[in-house]
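As a plain string of letters, each chain reads:
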Amino acid sequence: AHSGQDPPEPVRDDRPNDSQLARQVLLLQAFGFFTYPFACVPFLYFWFRSHGVDLEQYGALMSAYYAAMVLAEVPSGALADRLGPRIAMMLGPVMLALGFVCLVATPSFEAFLIGEILLGLGHALLSGPPSTLLYETLQERGETGEYHRYESRVQATRLAGTGTAFLLGGWLAHHHGLQPTLILTVILCAAAAPIALLMGSPKHAAPTTGRLALYRQ
C-alpha cells in the first residue's frame, strides 16, 4: 500500500571531485608561476640610475614601495575575505603590471614613485589569497590535512617562475638592453589575471576562513 509519503530525494554532493581538485591545483600552480615573474628586478637599480635617480631618491622609492605594501596589508586582506580570494588574485597582477608600466612608459622620478606604490599594493593583494583559495577548496572536500602538500607544489612552481623570469631578463638585458626586461615583466604579470578567472570558487567556504585559518594550520 502507498503510504502517501514521497521517498526522500538523494542528497546532492556539490563537493569538487578529484578531477576538479586537480584542475584547481594546476591553475593555482600556473598562477603561481606568473605571480612574481620580475624579469627586470635584478636591473631596476640601473634603470633608475640611467634616468637620473640618485641614491637618496632610490631610497625614497624603495621606502614608498614597502610603506604601500605594509599599509595595504590589512585592508587588502579584508577585501579578499569579503569579496573572495579570486577577486584579489585578479586585481593583484593587474596592479603589478600597471606599476611596471609606470616604470617603463614615463621614466621620471614621479612616475617611478607612482609605480613603486602600485607595486606595493599589488604585493599586498597577493599575499594570502592564493593560499586561502587552496585551503577553501580543500576545506570543501574535507581534506584540509592535505593543505601543506598542495601548497608546497604551488610555492615550488612560483619559485620556478621567478627564477625563469630572472634568466630571461638576464638574457634580454645582455642582448637588448634594460627596457625589454621591463616590458617582458609587464606581460608576464598581466598573464596571471586571466588564469585567476578560470579558477573555481568554493561554494561552502566558511565566511571567516581568510588568512586566520591558514595561520592556525
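Residues numbered from 1 in each chain as written. Predicted model: local features only at pLDDT ≥ 70, side-chain atom pairs only at ≥ 80, totals over all residues. Heavy atoms only, no water.

**Q** So, the overall build of the protein: which residues are in play, and what are the values?
**A** Each helix and strand in the protein was counted, giving ten helices and zero strands. If you list the helices and strands of the protein from N to C, you get α-α-α-α-α-α-α-α-α-α. Each of the 217 residues in the protein was classed as buried or not, and the buried ones make up 44%. Here the contacts in the protein between residues at least 6 apart in sequence split such that 84% fall between residues at least 24 apart. Counting only carbon and sulfur atoms, one obtains 64% of the accessible surface of the protein, whose full area is about 11,600 Å². (Helix = DSSP H or I, 4+ residues; strand = E, 2+ residues; numbered from the N terminus. Buried < 20%, exposed > 50% of the residue type's maximum accessible area, 1.4 Å probe, protein only. Contact = heavy atoms within 4.5 Å. Areas by Shrake-Rupley, 256 points an atom, 1.4 Å probe, with all protein chains shown as cover.)

**Q** Requested: an account of the pattern of salt bridges, with residues and values cited.
**A** One pass over the structure, following the stated rule, counts two salt bridges. Across the salt bridge formed by Glu 143 and Arg 141, the nearest N and O atoms sit 2.8 Å from each other. Using a relative accessible area of 24% as the deciding quantity, one classes Glu 143 as partly exposed. By relative accessible area, Arg 141 is classed as buried at 13%. (Salt bridge = Lys/Arg side-chain N within 4 Å of Asp/Glu carboxyl O.)

**Q** Account for the nonpolar core, naming residues and giving values.
**A** By size, the foremost hydrophobic cluster in this structure holds 38 residues, and its most contacted members are Phe 31, Phe 48, Phe 100, Leu 103 and Met 199. With seven residues, helix H4 (residues 85-105) is the single largest residue contributor to this core. If you look at the next biggest cluster of nonpolar residues, it comprises five residues, including Ala 39, Ala 165, Leu 184 and Leu 188. (Core = buried A, V, L, I, M, F, W, Y, C linked by side-chain atoms within 4.5 Å.)

What is shown is where atoms sit, not what they do.
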